[in-house]
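# Observations on the model geometry
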Amino acid sequence: PLSKAATLAHFRAVLRGSSEAGEPLAEMGDVLAMELRLATHLKNMPDLVEGITARLIDKTNLPVWAPASDAAVTEEMVQACFAKGSEGADEHALLGVKRPRAE
């Protein structure tokens with residue numbers, strides 16, 4: 001549920017052109033930075049291992065998520081997925097990429 005909520009928040013922010021915190025997503029690098037922060041955060045969450053285990057190892061397709069439901073996901077949990085400063089997520093080489101100018 002958290003991964004789903006955070007991904008939806010990311011898509012909405014990109015479509016809106018600004019993050020939930022109001023930071024502009026004017027350049028491709030801004031979008032990539034937001035996506036990298038999200039991916040970096042989610043890969044360290046227990047739900048990734050839980051989903052892989054339930055699907056590929058146990059083959060039950062019955063993951064036990066934490067939080068357990070969409071309703072249990074708070075806005076604070078979603079915003080934490082986009083926090084700056086985790087594991088070099090703000091230092092990737094592609095983050096300076098600019099949109100090509102239309103001619």
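Please refer to the structure higher up on the page.
Residues numbered from 1 in each chain as written. Predicted model: local features only at pLDDT ≥ 70, side-chain atom pairs only at ≥ 80, totals over all residues. Heavy atoms only, no water.

## A few points about the pattern of salt bridges
To be explicit about the condition: Salt bridge, as used here: a side-chain nitrogen of Lys or Arg that lies within 4 Å of a carboxyl oxygen of Asp or Glu. Numbering of helices and strands starts at the N terminus; helices are DSSP runs of H or I of at least 4 residues and strands are runs of E of at least 2. Partly exposed describes any residue whose relative accessible area lies between the buried limit of under 20% and the exposed limit of over 50%, with all areas from a 1.4 Å probe on protein chains only and scaled to the type maximum.
Counted under the stated rule, the structure contains one salt bridge. We note a salt bridge from Lys 4 to Asp 70, for which the minimum N-O separation is 2.9 Å. Of the two residues, Lys 4 is situated in helix 1 (residues 2-16) and Asp 70 in the loop between helix 3 (46-57) and helix 4 (75-80); the sequence distance between them amounts to 66 residues. The class of Asp 70 is partly exposed, set by a relative accessible area of 47%.

## Details of helix 3
Short version of the rule: For a helix, the expected span equals 1.5 Å multiplied by the residue count minus one. The arc refers to the directions leading from the helix axis to the C-beta atoms.
Given a rise of 1.5 Å per residue, 12 residues ought to cover 16 Å, and the 15 Å separating the end C-alpha atoms of helix 3 matches this to within 8%. Of all the residues in helix 3, the buried ones are Asp 47, Gly 51 and Ala 54. Buried residues of helix 3, seen end-on, are gathered within an arc of 70° and therefore sit on one face of the element. Exposed residues lying more than 90 degrees from the buried face of helix 3 are Pro 46, Val 49, Leu 56 and Ile 57. Of the residues flanking the end of helix 3, it is Lys 59, one or two places downstream, whose phi is positive at about 60°.

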